[in-house]
Amino acid sequence: MGGHAKLRRRILSGGNDGNIEFSQLRSLLVRLGFEERIKGSHHIYTRADVPEILNLQSKGGKAKPYQVKQVRNVLQNRGLGEIDVD
């Protein structure tokens, strides 16, 4: 199991949302087909078949816990990365 799959599993487990590296989360979202747009400190992710817009910011190199929860909800509700994320 590769790094993206492990990160996806950690996010879905919801065990420690405050300990997700921001750079890894960015990499996962791009790997899942999201387009990244950066406006100042905001990293905005969109995907044509996903109506939700993810607006993420780093805090000390980590993703903010409430934003990890938003990503988790999108992954669960849209079934993203279930087959092959690596």
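Residues numbered from 1 in each chain as written. Predicted model: local features only at pLDDT ≥ 70, side-chain atom pairs only at ≥ 80, totals over all residues. Heavy atoms only, no water.

**Details of the pattern of salt bridges**
Reasoning step 1: The full count for this structure, using the stated rule, is 5 salt bridges.
Reasoning step 2: A salt bridge links Glu 21 to Lys 62, with the shortest nitrogen-to-oxygen separation between them at 2.6 Å. Here Glu 21, found in the loop between α1 (3-13) and α2 (22-31), pairs with Lys 62, found in strand β5 (residues 62-63); they are 41 residues apart in sequence, far enough to count as distant.
Reasoning step 3: Overall, Glu 21 belongs to the partly exposed group, its relative accessible area being 30%.
Reasoning step 4: Lys 62 gets classed as partly exposed once you look at its relative accessible area, which sits at 24%.
Reasoning step 5: Between Glu 36 and Arg 26 there is a salt bridge, with the nearest N and O atoms lying 2.8 Å from each other. Of this pair, Glu 36 sits in strand β1 (residues 35-39) while Arg 26 sits in helix α2, and the two are 10 residues apart along the sequence. (Salt bridge = Lys/Arg side-chain N within 4 Å of Asp/Glu carboxyl O. Helix = DSSP H or I, 4+ residues; strand = E, 2+ residues; numbered from the N terminus. Buried < 20%, exposed > 50% of the residue type's maximum accessible area, 1.4 Å probe, protein only.)

**What to know about α1**
Reasoning step 1: All of the buried residues in α1 are Ala 5, Leu 7, Arg 8 and Ile 11. Take α1 and look down its axis: the buried residues cluster within an arc of 160°, on one side only. In this structure, α1 carries Gly 3 and Ser 13 as exposed residues pointing more than 90 degrees from its buried face.
Reasoning step 2: The inward-facing, buried residues of α1 contact α2 and α3 (65-78).
Reasoning step 3: Positive phi shows up at Gly 14, right after α1, with a value of about 70°. (Arc of directions from axis to C-beta. Contact = heavy atoms within 4.5 Å.)

**Observations concerning the environment of Leu 25**
Reasoning step 1: By secondary structure assignment, the location of Leu 25 is in helix α2.
Reasoning step 2: As for Leu 25 and Arg 9, which are separated by 16 residues in sequence, their C-alpha atoms are 12 Å apart.
Reasoning step 3: Apart from residues lying up to four places away in sequence, Leu 25 is in contact with Leu 7, Ile 11, Ile 20, Leu 56, Ala 63, Val 68 and Val 71.

**Some points on the sheet that holds strand β3 (residues 50-56)**
Reasoning step 1: Pairing is antiparallel across the open sheet formed by 3 strands, whose spatial order is β1-β2-β3. Each edge of the open sheet is held by one strand with a lone partner, namely β1 and β3. In this sheet, adjacent strand axes meet at a mean angle of 20° when their direction is disregarded.
Reasoning step 2: Here 4 bridges tie strand β2 (residues 42-47) to β3, and the two strands are oriented antiparallel to one another. For His 43, the partnering residue across the bridge sits in β3 and is Leu 56. (Pairing = 2+ DSSP bridges. Axes fitted to C-alpha atoms, helices over the stretch in contact; angles between N-to-C directions.)

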